[in-house]
Amino acid sequence: MIKKCLFPVAGYGTRFLPATKSMPKEMLPVVNKPLVQYGVEEAIEAGLTEVGFVTGRGKRAIADHFDVSYELEHQIAGSSKEQYLTSIRDVMAKGSFSFTRQASMAGLGDAILNGRRLIGSEPFGVVLSDDLCVAEEGVLSQMVKLYKQFRCSIVAVQEVAQEDIHKFGVIDGEQIKDGIYQVNNMVEKPEAKDAPSNLAIIGRYILTPDIFEIIENTPPGKNDEVQLTDALMTQAKDGCVLAYKFKGKRFDCGSVSGFVDATNYVYENIYNA
Ligand code: UTP
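Residues numbered from 1 in each chain as written. Predicted model: local features only at pLDDT ≥ 70, side-chain atom pairs only at ≥ 80, totals over all residues. Heavy atoms only, no water.

Visitor: Can you walk me through the packing of helix 1 (residues 35-45) against helix 4 (residues 86-94) in this structure?
Guide: Helix-helix packing: each pair is described by the crossing angle between the helix axes and the interaxial distance. Two numbers describe how helix 1 lies on helix 4: the axes approach to 11 Å, and their chain directions differ by 45 degrees. With respect to each other, helix 1 and helix 4 are oriented oblique. In this structure, the crossing between helix 1 and helix 4 has a hand that is left-handed. Taken together, the residues of helix 4 that come into contact with helix 1 (itself represented by Gln37, Val40, Glu41 and Ile44) are Ser87, Ile88, Val91 and Lys94. (Axes fitted to C-alpha atoms, helices over the stretch in contact; angles between N-to-C directions. Helix = DSSP H or I, 4+ residues; strand = E, 2+ residues; numbered from the N terminus. Parallel < 35°, antiparallel > 145°, perpendicular 65-115°, else oblique. Left-handed = near helix turned anticlockwise from the far one by under 90°. Contact = heavy atoms within 4.5 Å.)

Put into structure tokens, the structure is as follows:
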């Protein structure tokens with residue numbers, strides 16, 4: 001059983017400045033809900049109710065969001081406005097929330113290693129909440145099912161256009177079942193001509209706990225950051241990593257255009273549905 005999920009949220013969100021100068025990008029609302037809450041709801045739906053955040057300076061609003069606001073509760077108790085708290089109350093009732101800090105932005109691999117004390121030695125999910133996924137069955141739920149079958153690390157992948165491939169980690173693998181690949185190579189942000197496939201890794205992972213030791217022994221890579229992709233590459237060579245072409249839509253809310261697309265989609269298909 002996988003119960004824990006890590007949310008690395010230490011990034012600066014520079015692409016959203018000035019909005020992110022004093023506010024975490026994970027708190028930007030897609031319609032009326034902060035980005036991070038969508039990810040947490042997806043984790044809880046998958047049964048990953050022990051949520052750990054790897055935060056950084058200036059991210060306290062995230063911790064406050066998943067805590068009771070007594071003043072607000074008191075103010076609107078018994079009024080019709082209480083309905084607006086339903087979704088966050090539900091999340092708080094079902095989940096437990098822990099926090100640790102990444103001292104410096106040394107890469108996603110380093111962020112995950114910082115989360116070790118919240119995870120211990122069990123398999124766990126990872127959500128990059130700037131990827132907003134919309135699916136009939138949540139993407140993490142789909143991946144947890146797959147984990148039960150294969151018991152190894154899994155990365156979610158999506159087919160992307162040639163001109164976008166340089167923004168992603170890209171896999172090379174053999175299809176072992178419809179939409180499931182055994183990974184034998186991975187490249188972080190390759191130029192289109194060097195990309196081993198058009199299958200790009202998005203921000204959903206199931207990781208087995210041996211990844212921590214692998215990250216510890218992974219030197220900084222691209223951009224002088226400890227890359228999770230490099231550690232996963234080692235894991236793929238020594239054991240097994242699967243890539244899973246998930247069912248559903250994904251919006252890159254780390255970019256302004258993806259964020260606007262997500263807002264329009266959620267407004268039309270979820271908020272107003
Ligand atoms: P990004 O590089 O896309 O996010 O990292 P960013 O740095 O916040 O955005 P920009 O480029 O400045 O606009 C992907 C995810 O990994 C987390 C980020 O918070 C984000 O969710 N991350 C990345 C960390 O938590 N720590 C790191 O050292 C690196």
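From this point, the narrative continues.
Visitor: For this particular structure, what's the right way to read the site of the ligand?
Guide: By nearness alone, 17 residues border the ligand, and Gly11, Thr14, Arg15, Gln102 and Gly107 come closest of all. Contact distances for the ligand include 2.9 Å between an oxygen atom and a backbone N or O atom of glycine 13. Contact distances for the ligand include 3.4 Å between an oxygen atom and a backbone N or O atom of alanine 106. In the complex, the protein chains occlude 82% of the 580 Å² of accessible area that the ligand would expose alone. The residue inventory of the shell around the ligand, partitioned by class, reads 8 nonpolar, 5 polar and 4 charged. (Near = heavy atom within 4 Å. Polar contact = N/O pair within 3.5 Å; in protein donor to acceptor, adjacent residues only side chain to side chain. Areas by Shrake-Rupley, 256 points an atom, 1.4 Å probe, with all protein chains shown as cover. Nonpolar A, V, L, I, M, F, W, Y, C, P; charged D, E, K, R; others polar.)

Visitor: Can you walk me through the environment of alanine 61 in this structure?
Guide: Along the chain, alanine 61 falls in helix 2 (residues 60-65). The sequence separation of alanine 61 and phenylalanine 97 amounts to 36 residues, and the corresponding C-alpha distance is 13 Å. With near-sequence residues (within four places) excluded, alanine 61 lies in contact with Pro24 and Met27.

Visitor: When you look at unusual backbone geometry in this model, what are you seeing that I'm missing?
Guide: Leaving glycine out, the prevailing phi sign among residues is negative, and the prevailing peptide bond configuration is trans. Between leucine 17 and proline 18 the backbone carries a cis peptide bond, its omega angle lying at 5 degrees. Phi at aspartate 224 takes a positive value of approximately 60 degrees, unusual for a residue other than glycine. Relative to the helices and strands, aspartate 224 resides in the loop between helix 8 (211-216) and helix 9 (228-238). Look at aspartate 224 and you get exposed, because its relative accessible area is 65%. (Buried < 20%, exposed > 50% of the residue type's maximum accessible area, 1.4 Å probe, protein only.)

All we've got here are geometric facts, nothing functional implied.
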